[in-house]
Amino acid sequence: MDPRIPRLRRKLAAIPFQPLRSHSFGEEQHGFRLGPKLTEARVAAFEAEHDIVLPDAYRQFLTEIGGSGTAPFYGLMPLERCSLLVMNPRGEPGTPRGFDGTEPGAHGRDLFLHIIEMGCTDVCVIAVTGPLTGRVLIGNGDGYWGPNVSSATDFLDWYERWLNHMSAGRDNRTLELTSPRLRAHPNRHRMTPKI
């Protein structure tokens, strides 16, 4: 087992009780509850069905911590709701790229697994093939913005960064965290200075 797993469990158990933590957009949906851990057999069946191998850190999260629930945005989706995506081909220079669904076995292009519900057409995916394998990306399925590749090396690092930023009461637009200071400001809807 990865040594980060017990540390993540401790941090996750403490976060709902920290009075000065940041608010995580969508936390009302998951309520800081995790779904049951997945068995190795269940994960292996999903991999066989989709002809992929899940990145090790993400796989360990599913089998050692929880199979759904607590995560940024509306939370980690159950594996059976996750879908494979491919990034749209490059368009004009500087234009954002979206994501399209793909069928199992449609290899030849880099594959991404939609793992976290963000709402609307925004997606949080993990790369399962190609040079970004194991990295988390956030983007818009229709290509209105993004994709933004996280600098975290794998899913466990990315998840721990979310917990650390929330615990420290930080604002983080990418992870949709709002600090207590900003949430408590009476004019938080208009934070630009008056001229």
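Up top you'll find the structure we're talking about.
No experiment lies behind these values; they were computed from the predicted model shown.

**Q** How do you make sense of the overall build of the protein when you look at a structure like this?
**A** What the protein contains, in helices and strands, is six helices and eight strands. Listed N to C, the secondary structure of the protein is α-β-α-α-α-β-β-β-β-β-β-α-β-α in terms of helices and strands. Among the 195 residues that make up the protein, the fraction classed as buried is 47%. Element-wise, carbon and sulfur atoms account for 53% of the exposed surface of the protein, whose accessible area totals about 10,300 Å².

**Q** Teacher, can you tell me more about helix α1 (residues 4–14) here?
**A** Structurally, the α-helix is built with 3.6 residues per turn, so residues lying three or four positions apart point the same way. Those residues of α1 that fall on the buried side of the exposure criterion are Arg 4, Ile 5, Leu 8 and Leu 12. Seen along its axis, α1 keeps its buried residues to an arc of 95°; they face one direction. As for α1, its buried residues are in contact with α4 (56–64) and α5 (155–167).

**Q** Is there a simple way to explain the side chain of Thr 70 in this structure?
**A** Checked against the element boundaries, Thr 70 lands in the loop between α4 and β2 (83–87). Thr 70 gets classed as buried once you look at its relative accessible area, which sits at 0%. Engagement of the side chain of Thr 70 in a polar contact is seen with the backbone nitrogen of Arg 33, the distance being 2.9 Å. Dropping the residues within four chain positions of it, Thr 70 is found in contact with Leu 12, His 30, Phe 32, Arg 33, Leu 34, Tyr 159 and Trp 162.

**Q** How do you make sense of the packing of α4 against α5 when you look at a structure like this?
**A** What describes two packed helices is the angle between their axes and the distance between those same axes. At a minimum axis distance of 7 Å, the contact between α4 and α5 shows a crossing angle of 65°. Contacts between α4 and α5 involve Ala 57, Tyr 58 and Phe 61 on the former and, on the latter, Phe 155, Leu 156 and Tyr 159. Of the residues that constitute the contact of α4 with α5, the class distribution is six nonpolar, no polar and no charged.

**Q** Just to check I follow, could you spell out the nonpolar core for this structure?
**A** Considering soluble globular proteins, one finds that nonpolar side chains tend to be buried as a cluster. Leu 54, Tyr 58, Leu 113 and Phe 155 are the most contacted members of the largest nonpolar core, which totals 43 residues. Of all the elements in the fold, those that place two or more residues in this core are α1, α3 (40–50), α4, β2, β4 (111–117), β5 (122–127), β6 (136–140) and α5. A per-element tally of this core places α5 first, with seven residues. Once residues within four sequence positions are removed from consideration, Tyr 58 is found in contact with Leu 76, Leu 79, Cys 82, Leu 113, Ile 115, Ile 126 and Phe 155.

**Q** Looking at this structure, I do not really get the environment of Thr 153. What am I missing?
**A** Here Thr 153 lies in the loop between β7 (148–149) and α5. Of the residues examined, Thr 153 reaches a relative accessible area of 54% and is grouped as exposed. On a C-alpha basis, the gap between Thr 153 and Val 136 in space is 8.5 Å, while along the polypeptide they are 17 residues apart. Beyond its immediate chain neighbours, meaning those up to four positions away, Thr 153 contacts Gly 134 and Arg 135. At 2.5 Å, the side chain of Thr 153 and the side chain of Asp 157 are in polar contact.

**Q** Teacher, can you tell me more about the packing of aromatic side chains here?
**A** The geometry of an aromatic ring pair is captured by the separation of the ring centres together with the interplanar angle, meaning the angle of the planes. Scanning the model with the defined rule gives eight aromatic pairs in all. For the ring pair Phe 61 and Phe 155, a centre distance of 5.2 Å and an interplane angle of 80° mean the geometry is edge-to-face. Of this pair, Phe 61 sits in helix α4 while Phe 155 is found in helix α5, placing the two residues 94 residues apart along the sequence. Each of the two residues, Phe 61 as well as Phe 155, counts as buried. Here the aromatic cluster, defined as three or more aromatic residues joined through ring pairs, consists of Tyr 58, Phe 61, Phe 155, Trp 158, Tyr 159 and Trp 162.

Cut-offs and rules
- Residues numbered from 1 in each chain as written.
- Predicted model: local features only at pLDDT ≥ 70, side-chain atom pairs only at ≥ 80, totals over all residues.
- Heavy atoms only, no water.
- Helix = DSSP H or I, 4+ residues; strand = E, 2+ residues; numbered from the N terminus.
- Buried < 20%, exposed > 50% of the residue type's maximum accessible area, 1.4 Å probe, protein only.
- Areas by Shrake-Rupley, 256 points an atom, 1.4 Å probe, with all protein chains shown as cover.
- Arc of directions from axis to C-beta.
- Contact = heavy atoms within 4.5 Å.
- Polar contact = N/O pair within 3.5 Å; in protein donor to acceptor, adjacent residues only side chain to side chain.
- Axes fitted to C-alpha atoms, helices over the stretch in contact; angles between N-to-C directions.
- Nonpolar A, V, L, I, M, F, W, Y, C, P; charged D, E, K, R; others polar.
- Core = buried A, V, L, I, M, F, W, Y, C linked by side-chain atoms within 4.5 Å.
- Phe/Tyr/Trp six-rings, centres within 6.5 Å; stacked < 30°, edge-to-face > 60°.

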